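# Topology and contacts: notes
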Amino acid sequence: MTKKNIETDEIWALRKMLTRPNYAVVELLLRKSPRTTRELYSLLEKKFTRKTLILTLRELALDLNVIQPTHIRTDKGYGLGYRLNPRVKDIVKNVQKYSKIIESIRKV
């Protein structure tokens, strides 16, 4: 399957959002939103390279609009942070629910 074919099926955007680095960022933002860029880097630096995280934030913010950039008040002034798109929260919760259902079916 070529890259072009992958992007044209019905769930290509969902599949892109659920890649390991993308989902790790989405999951952190689901727990607490907004988070600063530094906070995301520090929490995920052991799992992914800095370059991967930069590309992940770019893809989620610009290509998919899953996360939205925002200004966050810090002790040093304002910093750049991200918050989860409100419409995506329900999608992520449903994906987690469906994953649990699939795992329970798999164990039977």
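Residues numbered from 1 in each chain as written. Predicted model: local features only at pLDDT ≥ 70, side-chain atom pairs only at ≥ 80, totals over all residues. Heavy atoms only, no water.

To continue, consider the pairing of strand E2 (residues 67–74). Pairing geometry for E2 and strand E3 (residues 77–84), over eight bridges, is antiparallel. Its bridge partner being in E3, Thr70 is matched across the sheet by Gly81. Between E2 and E3, which pair antiparallel one after the other, the connecting turn spans two residues. (Pairing = 2+ DSSP bridges. Helix = DSSP H or I, 4+ residues; strand = E, 2+ residues; numbered from the N terminus.)

Take unusual backbone geometry next. For the bond running from Ser33 to Pro34, omega is 5 degrees, close enough to zero to count as cis. Looking at where Pro34 falls in the secondary structure, it is placed in the loop between helix H3 (20–31) and strand E1 (35–36). Here the phi dihedral of Asn65 falls at roughly 55 degrees; this positive angle occurs in a residue that is not glycine. Along the polypeptide, Asn65 turns up in the loop between helix H5 (50–63) and E2.

This next bit is on the sheet that holds E3. Across the sheet, three strands lie side by side as E1-E3-E2; this open sheet has antiparallel pairing. In this open sheet, the two edge strands, each paired with only one partner strand, are E1 and E2.

As a further point, take the packing of aromatic side chains. Here a ring pair, both rings aromatic, is described through the centre-centre distance and the interplanar angle of the planes. The final tally for this structure, using the stated rule, is zero aromatic pairs. Above the ring of Tyr78, the side-chain terminus of Arg73 is found at 5.3 Å from the ring centroid. (Phe/Tyr/Trp six-rings, centres within 6.5 Å; stacked < 30°, edge-to-face > 60°. Lys NZ or Arg CZ within 6 Å of the ring centre and 35° of its normal.)

Attention shifts here to the environment of Ile67. Following the sequence through the fold, Ile67 ends up in strand E2. Residues Ile67 and Leu57 lie ten residues apart in sequence; the distance between their C-alpha atoms is 8.0 Å. Not counting residues up to four positions away in its chain, the partners in contact with Ile67 are Leu29, Leu57, Leu60, Ala61, Tyr82, Arg83, Leu84 and Asn85. (Contact = heavy atoms within 4.5 Å.)

Another aspect to go through is H5. The terminal C-alpha atoms of H5, which comprises 14 residues, lie 19 Å apart, in line with the 20 Å expected from a rise of 1.5 Å per residue. Within H5 the residues assigned to the buried category are Leu53, Thr56, Leu57, Glu59, Leu60 and Ala61. Looking at the packing, one finds that the buried side of H5 touches helix H2 (12–17), H3, helix H4 (37–44), E2 and E3. Residue Asn65 follows H5 closely and has a positive phi angle near 55 degrees. (Expected span 1.5 Å × (residues − 1). Buried < 20%, exposed > 50% of the residue type's maximum accessible area, 1.4 Å probe, protein only.)

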